[in-house]
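# Architecture at a glance
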Amino acid sequence: SLVGLPPVDPDLYKDSHPLTYKNAALAFKGDNLDRYLMGRQFMVLLVVFVINQCSSPLNPKVDVLGFSDGVKFVFLDIGLAMIVFTCILGQLTTQVNASHMMIDYVNNYFALFTLYTCMVVEFSGIM
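Residues numbered from 1 in each chain as written. Predicted model: local features only at pLDDT ≥ 70, side-chain atom pairs only at ≥ 80, totals over all residues. Heavy atoms only, no water.

### A closer look at the overall build of the chain
Going by this rule: Helical segments are the DSSP runs of H or I of at least four residues, strand segments are the runs of E of at least two, and each set is numbered from the N terminus. Throughout, the radius of gyration refers to the C-alpha atoms, and the reference size of a globule is 2.2 Å times the residue count to the power 0.38. For every residue, the accessible area obtained with a 1.4 Å probe (protein chains only) is divided by the maximum for its type, and the residue is called buried under 20%, exposed over 50%, and partly exposed between those limits.
On a plain count of helices and strands, the chain comes out with 6 helices and 0 strands. When the helices and strands of the chain are read in sequence order from the N terminus, they spell out α-α-α-α-α-α. The C-alpha atoms of the chain give a radius of gyration of 19 Å, which is well past the 14 Å a tight globule of 127 residues would have. Overall size of the chain, expressed as C-alpha extent along the three principal axes, is 60 × 30 × 20 Å. Taken over 127 residues, the chain has a buried fraction of 20%.

In structure tokens form, the structure reads like this:
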């Protein structure tokens, strides 16, 4: 939602959404928005990787809910179930909420923490 905020006049939400104003002031200074986007991409990759590692079966030979070997291979071994789960719950719903209510979505301390974290990741040179 930070990407969609530049055309919005900050004076409109300065008093009603102070954290959004603070996020936007930092993100729109210089190249910080590009730095945020790069750091965010790394953080998304990290989260998806960790989720997939945590959800993979330890022993593929074990019977899981009585599923056939083909179903277990497609959904558990390949990771299709976690891909669908992560995309739908982790990314699409948040993107819809962020695009629908940009100012409200960024008006919290977690968004400010995420902005700082992503900028530190980009500054560190990991990406």
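On we go.
### Describing the environment of Asn 23
What counts is decided by this rule: Here a residue-residue contact requires only that any non-hydrogen atoms of the pair lie within 4.5 Å.
By secondary structure assignment, the location of Asn 23 is in helix H1 (residues 18-27). Overall, Asn 23 belongs to the buried group, its relative accessible area being 0%. Remark: the alpha-carbon pair of Asn 23 and Gly 39, spanning 16 residues in sequence, is separated by 15 Å. When sequence neighbours within four positions are dropped, the list of residues in contact with Asn 23 reads Leu 2, Val 106, Asn 108, Ala 111, Leu 112 and Leu 115.

### A short note on the packing of aromatic side chains
Describing an aromatic ring pair means giving the distance of the ring centres and the angle of the ring planes. The condition that has to hold: For this analysis, a ring pair means two rings from Phe, Tyr or Trp (six-membered ring only for Trp) whose centres lie within 6.5 Å, classed as stacked if their planes differ by under 30 degrees, edge-to-face if by over 60, and tilted for the remaining angles.
According to the stated counting rule, one finds 2 aromatic pairs in the structure shown. Centre to centre, the rings of Tyr 13 and Tyr 21 are 6.5 Å apart; their planes meet at 65°, and the pair counts as edge-to-face. For Tyr 13, a relative accessible area of 1% puts it in the buried group. Classification of Tyr 21 by relative accessible area gives partly exposed; the value is 29%. Considering the side-chain rings of Phe 110 and Phe 113, the 6.3 Å spacing of their centres and the 35° angle between planes classify their relative orientation as tilted. Taken together, the residues Phe 110 and Phe 113, both in helix H6 (residues 109-124) and 3 residues apart, mark about one turn of the helix.

### Some points on H6
As a reminder of what qualifies: Working rule for helices: expected span equals 1.5 Å times residues minus one. Distance and chemistry together define a polar contact, namely a pair of N or O atoms within 3.5 Å, with one atom able to donate a hydrogen and the other to accept it when in protein, and with adjacent residues in sequence counting only for side-chain atoms on both sides.
Here H6 contains 16 residues, and its C-alpha end-to-end distance of 22 Å stays within 8% of the 22 Å for a straight helix at 1.5 Å per residue. Three or more residues of H6 are buried, namely Ala 111, Leu 112, Leu 115, Cys 118, Met 119 and Val 121. In the core, the buried residues of H6 are packed alongside H1 and helix H2 (32-55). Capping the start of H6 is the job of one residue whose side-chain oxygen sits 3.2 Å from the backbone nitrogen of Phe 110: Asn 108. Backbone geometry just after H6 places Gly 125 at a positive phi near 90°.

Everything listed here is a matter of geometry and, on its own, says nothing about what the molecule does.
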